[in-house]
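Chain by chain, the residues run as shown.
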Amino acid sequence: MLDIFRRKSFDELMAHTQEKKLTKALGAFDITLMGLGIIIGTGIFVLTGIGAANYAGPGLMLSFVLAAVTCAFVCLAYSELASFLPVSGSSYTYAYASLGEIFGWWVGWSLILEYSVGASAVAGGWSAYFVGILHSCGIDLPKALTTVPADGGIINLPAVVIVLLTTALLVIGVKESAHVNRILVYVKIGTIFVFLFLAAPHVEPMNWQPFLPYGFSGVAAGTAVLFFAYLGFDALSTAAEETKNPNRDMPIGIIAALTICTILYIAVCAAMTGVVPYTMLDTAAPASFVLEYIGMHLGSAIVGTGALCGLSTVVLGMLFAQSRALYAMSRDGLMPMSLYKVHRTYHTPYVIQIIIGGIVAVITGFTPIHIVAETCSAGTIFAFLCSCAGILILRRVYPDKPRGFRCPAVHVIAPLGFIFCAFVFTQLSSHTLILFGVWSLLGLIIYLVYGRRHSVLNK
């Protein structure tokens, strides 16, 4: 049984970068924008309202701070790992090289859950804004076609459509996807500033009272729910193999994205809870709702349109990251190697991308958003936990290998990242933890039956 802890060597992993199957088309600016594209979206445009109404009240601002502090520790570790092992797979690859094959599989299996349900949650938010914009224009789509069965509908069709469209774009090519992402990120950032400009004058400080209606436990629970909004750091590192100069570009992109996103998250949360009593924010389209509340119908439509662009980039980034993680797992034999195919013209893992798009479309069409959001956070936090532990092992195993970026005070930063992530993980609801445990058990069975025997290292 000791073979389940076998590790991929540094030389084996770096050999993948010489295959040149995937196009190196991304620079530091592209990585930063990809981070903004994935991270800024769900947290601001979807989960802010739900988190304030049901978990933390105005104290959700502190939830974002706690998430940002936790991610700051993890971010420094990821920056070193991404520059040290610039290979597709992100935390799956890092765990495989440090903790062994069984942990690599476990993290990879968690990433499948993380990105699939994460993209589904975001697509659900996209649908809410889309339906709201049409409503403001006097067009009301049938509830049966815009609502999941649990909420009285048949299928959330707009959410399914956006998933299929982004899947098609990702099949066409990473460079083309990066260009579209860049445009949509500009629109998204502009939309956030428009919202702040319109909403800030209407802030009533009395709406921030009580600031912690659910106590600190509510703040911690809010952090656990919205934590998956920060999974962009893991998604960014999956693009290392397609980055021009990963030793330099990956750390810059990851750190810049964290800083910008945290500032914007807190500012928008302060404006929303300051304009509207937090008890009224239980909606998947809170930004539009806030402006409707103060009578700015045109502003609501403009922000809603920008939110559509913003959430589109999140779906794009999550589906991209999901395909690259599975690409790495199939290359290692832990998944069927028939998935390890790159399109001759587009140079993308098209088979994996199409399969993922289909699965996510089904999930988003029939599953309530709050369920998928919490489940995604569980996968995100577990991946971060393993990365914080893995960096210490890689420092010991490969002390002299070159690193484009070295995490400062790694023996302090990495343990702090592990402790903070473990704390947030314990704040997840019991049904989420049970679901994650069942998913992990299913993954273990698949690994023992298939992955362990077909692993490239086993051959």
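The rules behind the values
- Residues numbered from 1 in each chain as written.
- Predicted model: local features only at pLDDT ≥ 70, side-chain atom pairs only at ≥ 80, totals over all residues.
- Heavy atoms only, no water.
- Helix = DSSP H or I, 4+ residues; strand = E, 2+ residues; numbered from the N terminus.
- Buried < 20%, exposed > 50% of the residue type's maximum accessible area, 1.4 Å probe, protein only.
- Contact = heavy atoms within 4.5 Å.
- Salt bridge = Lys/Arg side-chain N within 4 Å of Asp/Glu carboxyl O.
- Disulfide = S-S within 2.5 Å.
- Patch = residues over 30% accessible without salt bridge, like charges linked within 9 Å, V, L, I, M, F, W, Y side chains within 5 Å.
- Areas by Shrake-Rupley, 256 points an atom, 1.4 Å probe, with all protein chains shown as cover.
- Core = buried A, V, L, I, M, F, W, Y, C linked by side-chain atoms within 4.5 Å.
- Expected span 1.5 Å × (residues − 1).
- Polar contact = N/O pair within 3.5 Å; in protein donor to acceptor, adjacent residues only side chain to side chain.
- Phe/Tyr/Trp six-rings, centres within 6.5 Å; stacked < 30°, edge-to-face > 60°.
- Axes fitted to C-alpha atoms, helices over the stretch in contact; angles between N-to-C directions.
- Parallel < 35°, antiparallel > 145°, perpendicular 65-115°, else oblique.
- Left-handed = near helix turned anticlockwise from the far one by under 90°.
- Nonpolar A, V, L, I, M, F, W, Y, C, P; charged D, E, K, R; others polar.
- Bend = angle between axes of the 7 residues up to and from the residue.
- pLDDT = per-residue confidence, 0-100.

(A) Summary view of the overall build of the protein chain. When helices and strands are tallied, the protein chain shows 17 helices and 0 strands. A total of 459 residues make up the protein chain; the buried ones form 61% of that total. Taking the contacts inside the protein chain whose residues are at least 6 apart along the sequence as the reference set, 84% of them involve residues at least 24 apart.

(B) Expanded view of the pattern of salt bridges. Under the criterion given, the structure shown has 2 salt bridges. Among the ionic pairs, Arg-6 bridges to Glu-101, the shortest N-O distance being 3.0 Å. With a gap of 95 residues between them, Arg-6 in the segment before helix 1 (10-15) and Glu-101 in helix 6 (residues 101-136) connect regions that are remote in the sequence. Note on accessibility: Arg-6 and Glu-101 belong to one class, buried. Measuring nitrogen to oxygen at the nearest pair gives 2.8 Å for the salt bridge that ties Glu-80 to Arg-395. Of this pair, Glu-80 sits in helix 4 (residues 60-84) while Arg-395 sits in helix 15 (residues 369-397), placing them 315 residues apart in sequence.

(C) Here's a closer look at the state of the cysteines. This model, assessed by the stated rule, comprises 0 disulfides. Left without a disulfide partner, Cys-388 is nearest to the cysteine sulfur of Cys-421, which lies 5.1 Å away. For Cys-388, a relative accessible area of 1% corresponds to the buried category.

(D) Spatial organisation of a nonpolar patch on the surface. Where nonpolar side chains cluster on the molecular surface, the patch consists of Leu-441, Leu-444, Ile-445, Leu-448 and Val-449 and spans about 440 Å² of accessible area. Relative to the elements of secondary structure, Leu-448 occurs in helix 17 (residues 430-454). Overall, Leu-448 belongs to the partly exposed group, its relative accessible area being 38%.

(E) Region of interest: the nonpolar core. In this structure, Phe-45, Phe-195 and Tyr-230 are the most contacted members of the largest nonpolar core, which totals 141 residues. At 16 residues, helix 13 (residues 297-331) tops the list of elements feeding residues into this core.

(F) Inspection of helix 2 (residues 28-39) at higher detail. If you check helix 2, its first and last C-alpha atoms are 16 Å apart, about what 12 residues at 1.5 Å a residue would give, namely 16 Å. In terms of burial, helix 2 is a largely internal element, 11 of the 12 residues being buried. For helix 2, the complete set of buried residues consists of Ala-28, Asp-30, Ile-31, Thr-32, Leu-33, Met-34, Gly-35, Leu-36, Gly-37, Ile-38 and Ile-39.

(G) Fine view of the side chain of Ser-127. Locating Ser-127 in the fold gives a position in helix 6. A relative accessible area of 1% places Ser-127 in the buried class. One polar contact links Ser-127 to Asn-156, side chain to side chain, over a distance of 2.6 Å. Dropping the residues within four chain positions of it, Ser-127 is found in contact with Thr-146, Asn-156, Pro-158 and Ala-159.

(H) Expanded view of the packing of aromatic side chains. This structure, assessed with the given rule, holds 16 aromatic pairs. Seen in terms of ring centroids, Trp-109 and Trp-439 are 4.4 Å apart; in terms of plane orientation they differ by 15°. Their pairing is stacked. In this pair, Trp-109 sits in helix 6 while Trp-439 sits in helix 17, placing the two residues 330 residues apart along the sequence. Trp-109 gets classed as buried once you look at its relative accessible area, which sits at 8%. Feature note: the residues Phe-103, Trp-106, Phe-382, Phe-425 and Phe-436 constitute an aromatic cluster, connected by ring pairs.

(I) View of the environment of Gly-132. Its location among the elements puts Gly-132 in helix 6. Through-space distance from the C-alpha of Gly-132 to that of Ala-285 is 8.0 Å; in sequence the pair is 153 residues apart.

(J) Focus on the packing of helix 6 against helix 17. At a minimum axis distance of 10 Å, the contact between helix 6 and helix 17 shows a crossing angle of 125°. Taken together, the axes of helix 6 and helix 17 are oblique relative to one another. Viewed along their axes, helix 6 and helix 17 form a crossing whose handedness is right-handed. Residues Glu-101, Ile-102, Trp-105, Trp-106, Trp-109, Ser-110, Ile-112 and Leu-113 of helix 6 pack against Phe-436, Trp-439, Ser-440, Leu-442, Gly-443, Leu-444, Ile-446, Tyr-447 and Arg-452 of helix 17. In terms of residue class, the contact of helix 6 with helix 17 is built from 12 nonpolar, 3 polar and 2 charged.

(K) How the structure looks around the side chain of Thr-166. Structurally, Thr-166 is set in helix 7 (residues 157-172). At 2.9 Å, the side chain of Thr-166 and the backbone oxygen of Ile-162 are in polar contact.

(L) Layout of helix 17. Over its 25 residues, helix 17 runs 35 Å from end to end, which matches the ideal 36 Å to within 8%, given 1.5 Å per residue. A bend of about 50° at Tyr-447 is the largest found in helix 17. When helix 17 is considered as a whole, its buried residues turn out to be Thr-432, Phe-436, Ser-440, Gly-443, Tyr-447 and Gly-451.

(M) Broad picture of the confidence of the model for the protein chain. For the protein chain, the average pLDDT comes to 81, and 88% of its residues sit at 70 or higher. For the protein chain, helix 10 (residues 232-237) is the element with the lowest average pLDDT, namely 66, and helix 16 (residues 410-426) is the one with the highest, namely 90.

(N) Quick look at the environment of Val-163. Position of Val-163 among the secondary structure elements: in helix 7. Here the alpha-carbon distance between Val-163 and Val-362, two residues 199 residues apart in the chain, equals 9.6 Å.

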